Every structure is written in C-alpha cells, then in structure tokens.
Amino acid sequence: MSEVKIAAETRTEFGKGAARRIRRADKVPGVLYGHGSDPIHLTFPGHELLLALRTPNVLIALDIDGKSNELAIPKAVQRDPLKGFLEHVDLQLVKRGEKVQVEIPVHAEGELAPGGNLLEHVLDALPVEAEATHIPENVTVSVEGLEAGASVLAKDIKLPSGVTLAVEEDTVVLQVLAAQAEEAPEGAEEDEEAAEA
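Let me begin by describing the structure that accompanies this report. (Residues numbered from 1 in each chain as written. Predicted model: local features only at pLDDT ≥ 70, side-chain atom pairs only at ≥ 80, totals over all residues. Heavy atoms only, no water.)

1. Focus on the sheet that holds strand β13 (residues 172-177)
Stage number 1. In space, the 3 strands of this open sheet follow the order β8-β13-β11, with antiparallel pairing throughout. Taken across any chain shown, the strands that pair with only one partner, and hence form the sheet edges, are β8 (118-121) and β11 (151-153). Averaged over neighbouring strand pairs, the angle between their axes works out to 15° when direction is ignored.
Stage number 2. The sheet contact formed by β8 and β13 spans 4 bridges and is antiparallel. Directly across from L119, in β13, lies its bridge partner V176. (Pairing = 2+ DSSP bridges. Helix = DSSP H or I, 4+ residues; strand = E, 2+ residues; numbered from the N terminus. Axes fitted to C-alpha atoms, helices over the stretch in contact; angles between N-to-C directions.)

Listed below in structure tokens is the structure:
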C-alpha cells in the first residue's frame, strides 16, 4: 500500500460559515484524532485529498504546518449528496506496525451457474484487522459456477498474510439468489381481454 503525502494546516475557525469559506478556497475542513490525544482541526487541499481518497483506506502522510509528520487513515468522509465534492473528513492517527480495524471492498469474479441467477453482495466491504501500513486495497472472491442458494462466508475468503477477520467467521458476504420469473400484475389479463373486445 502506497503512502500519499498531503500538506495540511491547523485551523482556528469553526462553524458553518468558516467551513463554507474553507470550501470556497478549494480546501476541505477535517479532524485528526486518535492515540488519546486531543483532536486536531485541520484544513486540507481539496484536489489532493479527493485524489487520495479514491483509494480505499489510503495511508496519508500528513505534513502539518510544515513540521509535524503524522500517519493517518480516513475514518469518515462527508460528500455533498448532489455534486459529490468533499465537505468534511475525519482521519485517524496510526503508527507503523499498529493494527487497525478497517473495511476492505469485496470484488466478485467469475460466472455464476447458468440459469439467470443473481449475485447479492450482503457485505460490500469486509471488516478486517490489518497492520496500518499494509492494508489491502480489496479482496477478490471467485463465484465461478455457484448455483442458487450458495453463499460465500467470511471464513471462505482468502486474506493476505497479516490480515485477520473482524467479523464472525459464519457471516454471509455473498449469496446467490434464484432468478424470479416475472408475474403479470393482477388484472392485466382482464385488461388485455377488454382491449381486444
């Protein structure tokens, strides 16, 4: 997993008005917390942060006010529901070698058994515990040939070394559903007959 360096500035202004001014300057307000220290309120460069957050659980090397070098991972990201721009971000302090709990995306590959079956992602992301500097970007699960009624449990997913499950082993992650035949709505046949008459 690669580190992304981002320069951040401490901020002293709070509230909606201050947050709007920060966003107008193409910056993003945020908070850095963890390890029992007081939360640090920061401002991040908007474009750089947006690019970094495209990678799930990205490891961010923070240069705060040009001096402090901290490692952090994203914990909560708020986006504008319509335009998608970043509104606020919470980062958690981490140390090299420290284990952290994160959720990693689950990708399915392969073709299901014939018959129009549907694959349901019960969990889009798998909760795991991993070393902060070695968080996998995702896990890939083969669903090749699975038939209706089959499911993939958390314990069935092969994890990279040093990564352990943070959920019960019997948690269903993926399941295969039988295709539903479409039923005509009640009264549709009568409408057709009336139309023909």
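2. Let's talk about the pattern of salt bridges
Stage number 1. Applying the stated rule across the entire model yields 2 salt bridges.
Stage number 2. Between D170 and K155 there is a salt bridge, and its shortest N-O distance comes to 3.3 Å. Taken as a pair, D170 in the loop between β12 (164-165) and β13 and K155 in the loop between β11 and β12 lie far apart in primary sequence, 15 residues in all.
Stage number 3. A residue is classified by how much of its surface remains accessible, and D170, at 53% relative accessible area, is exposed. (Salt bridge = Lys/Arg side-chain N within 4 Å of Asp/Glu carboxyl O. Buried < 20%, exposed > 50% of the residue type's maximum accessible area, 1.4 Å probe, protein only.)

3. Let's talk about the environment of L32
Stage number 1. Its location among the elements puts L32 in strand β2 (residues 27-34).
Stage number 2. Each C-alpha atom, one on L32 and one on L42, is 7.2 Å from the other, the two residues being 10 residues apart in sequence.
Stage number 3. Residue contacts for L32: discarding those within four places in its chain leaves D38, P39, I40, L42, L62, I64, A72, L91, Q92 and L93. (Contact = heavy atoms within 4.5 Å.)

4. Comments concerning the nonpolar core
Stage number 1. Counting 26 residues, the largest nonpolar core has L126 and I157 as the members making the most contacts within it.
Stage number 2. Taken together, the elements giving at least two residues each to this core come down to β4 (59-64), β5 (68-79), β7 (99-109), β9 (125-131), β10 (139-142) and β13.
Stage number 3. No other element matches the 4 residues that β7 contributes to this core.
Stage number 4. Not counting the four nearest positions on each side in its chain, I157 is found in contact with L126, V139, V141, V152 and V173.
Stage number 5. Ranked by size, the runner-up nonpolar core spans 18 residues in total, among them A52, A72, L86 and L91. (Core = buried A, V, L, I, M, F, W, Y, C linked by side-chain atoms within 4.5 Å.)

5. With respect to the sheet that holds β7
Stage number 1. The strand order across the open sheet formed by 4 strands is β10-β7-β9-β12, and the pairing between neighbours is mixed. Strand pairing shows two members of the sheet lacking a second neighbour, β10 and β12, which therefore form its edges.
Stage number 2. Looking at chain direction, β7 and β9 are connected through 7 bridges and run antiparallel. Its bridge partner lying in β9, E103 is registered against P127.

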